[in-house]
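# Examination of the molecular architecture
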Amino acid sequence: MSHTPDAIKLLVKHIENSTYQNLPVSTVAASKTFILDSIGVGISGSRVPNVAKIKQAVSQWGSGHQAQVWGTGEWLPAVSAAAINGYQIHNQEWDCVHEPAVVHPMAVILSALMAYAQQHNLSGQQLILGVVIAVDVATLIGESVTSSLKFFRPSLCGCLGATAGMCAMQGIKGETLQNALGIAYSQLSGTMQSHVEGSPMLAMQIGINAAAAIRAVDMAQAGFAGPKDILQGPYGYFTLFEESFDLSPLVQKVGREYQIERVSHKPFPTGRAGHGTIDGLQQLQKQHAFTAQDIARVDVYGTPLINKLVGRPVKQDMDANYAKLCNGYIAASVLLTGSVSVADFESDCLKDPRRLALGAKVHTHLNDTQDPNALAPVSVAVTLISGAKYKVALQHVLGSPQNPLDEDAQLAKFSAACASAGSYFDQHNIGFLIKRIDQLDQIPNINSLVEALVSNR
């Protein structure tokens, strides 16, 4: 009779036994890379109008001087700052993703860990350790799922990961650690209905779960108890939130392969499921020099998840949340401008009849992939009015670990993100931030980093 692994025990052991000193150099470097990336998109996210509405709501939940909002610098209770920063990281669909898990690992995790680190005056090394462990927990749970998204996995797994990361930062072990994870599990939230409707709550589910993770650690440290069998129990995560699972990835990788090194950049502010469309069209335009006016139709052949996430039609009166997850609009934007940026989701672009007409020429189809969680391969075919046809097949989309952004492209993305923020960051600020995060392991108090995340205007 085969023995069924106890997933939560394996993860708890990993959290308890991990130290900063034992992290490989490559793991520390990857954590700095994606901390930089996530801070950049979080600063950019301060430009989104809904941020003001969230701040108005949060102002009713109490005041405090524990952590700051990125970009604008307001001091708030840690849970409130984490909620806003989490929303800012994810609200433009520009944050990194762990493709096998279908989890945006840094959105919940970094917003929660940075706020908690500010509150408790933790160091850069503690933050790096927390991020590494948090990403492991979030993504190995996600990667063990064999069924398609039903609940919003980035917020759910992100909350469990963030809780683990805060415990790792503080050296919280034993029953208190287990209680923290159980209390976090008891607060999990996030539904794919927000994705289907293009609701801004999709990103806010990130912020809600970042705050929940901090509350979980606080309650556990106060001695409050939570459930323990939270993954494989009769009402545990794999049964309640997912439909099927296989623990092989978790068992094989935990403590052996740090998942922060397997995260994909998102070069463009759209759903990752639309990145293959952009990558393919950019390659075809570069090779064949056609223009948007030459297009008769575009056919994208993607996985079941690509079809599910971005196969929606172009429609009148789209808002930015819908358009970022619409393959037709994404394709029209890259054909018209050569790339996709945050400016392509301003109201005048969303109403542009040329984009809408061009987007209607884009058709998304299923390829032969059976894995419900795969984001590759994808192929893009273009038919021109002249009758010419061109096609490209992508096994690994730009930004993935197998086709990564080089350092220059990473820094260009960070600079563009900061420059697009609602509050102005000049090149001096941006350069200082890059240097500060590169030296993160030498920072004794994370507050000195957060100070640099506040605009000079």
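Residues numbered from 1 in each chain as written. Predicted model: local features only at pLDDT ≥ 70, side-chain atom pairs only at ≥ 80, totals over all residues. Heavy atoms only, no water.

## Observations concerning the packing of aromatic side chains
For any pair of aromatic rings, geometry is given as the distance between the ring centres together with the angle between the planes. With the rule as written, the count across this model stands at seven aromatic pairs. Aromatic side chains Phe151 and Phe241 sit 5.0 Å apart centroid to centroid with 85 degrees between the ring planes, which places their arrangement in the edge-to-face category. Here the residue Phe151 occupies a position in the loop between helix H6 (124–143) and helix H7 (153–170), and Phe241 occupies one in the loop between helix H11 (237–240) and helix H12 (248–253), the gap between them amounting to 90 residues. Classification of Phe151 as partly exposed rests on a relative accessible area of 28%. On the basis of relative accessible area, Phe241 is assigned to the buried category, the value being 9%. Residues Tyr329 and Phe345 carry aromatic rings whose centres are separated by 5.6 Å and whose planes lie at 45 degrees to one another, so their mutual orientation is tilted. Here Phe345 lies in the loop between helix H16 (327–337) and helix H17 (347–350) and Tyr329 lies in helix H16, a separation of 16 residues in the sequence. Residue classification places Tyr329 among the buried residues on the basis of a relative accessible area of 0%. (Phe/Tyr/Trp six-rings, centres within 6.5 Å; stacked < 30°, edge-to-face > 60°. Helix = DSSP H or I, 4+ residues; strand = E, 2+ residues; numbered from the N terminus. Buried < 20%, exposed > 50% of the residue type's maximum accessible area, 1.4 Å probe, protein only.)

## Looking at the pairing of strand S6 (residues 389–394)
Here strand S5 (residues 378–384) pairs with S6 via six bridges, running antiparallel. Looking across to S6, one finds that Val378 is bridged to Leu394. Where S5 folds back onto S6 in an antiparallel hairpin, the turn is made up of four residues, including Gly387, whose phi is positive at roughly 100 degrees. (Pairing = 2+ DSSP bridges.)

## Focus on the pattern of salt bridges
The full count for this structure, using the stated rule, is 13 salt bridges. With its nearest N and O atoms 3.0 Å apart, the salt bridge here joins Lys32 to Asp441. Placement of the pair is Lys32 in helix H2 (residues 25–44) and Asp441 in the loop between helix H20 (427–438) and helix H21 (447–450), with a sequence separation of 409 residues. Judged by its relative accessible area of 15%, Lys32 falls in the buried class. When its relative accessible area of 23% is taken as the criterion, Asp441 is described as partly exposed. A salt bridge links Asp344 to Arg355; the shortest N-O distance between them is 3.0 Å. With Asp344 in the loop between H16 and H17 and Arg355 in helix H18 (residues 353–359), this pair connects stretches of sequence that are 11 residues apart. Residues Asp344 and Arg355 agree in their burial class; the two are buried. (Salt bridge = Lys/Arg side-chain N within 4 Å of Asp/Glu carboxyl O.)

By themselves these figures say nothing about function.
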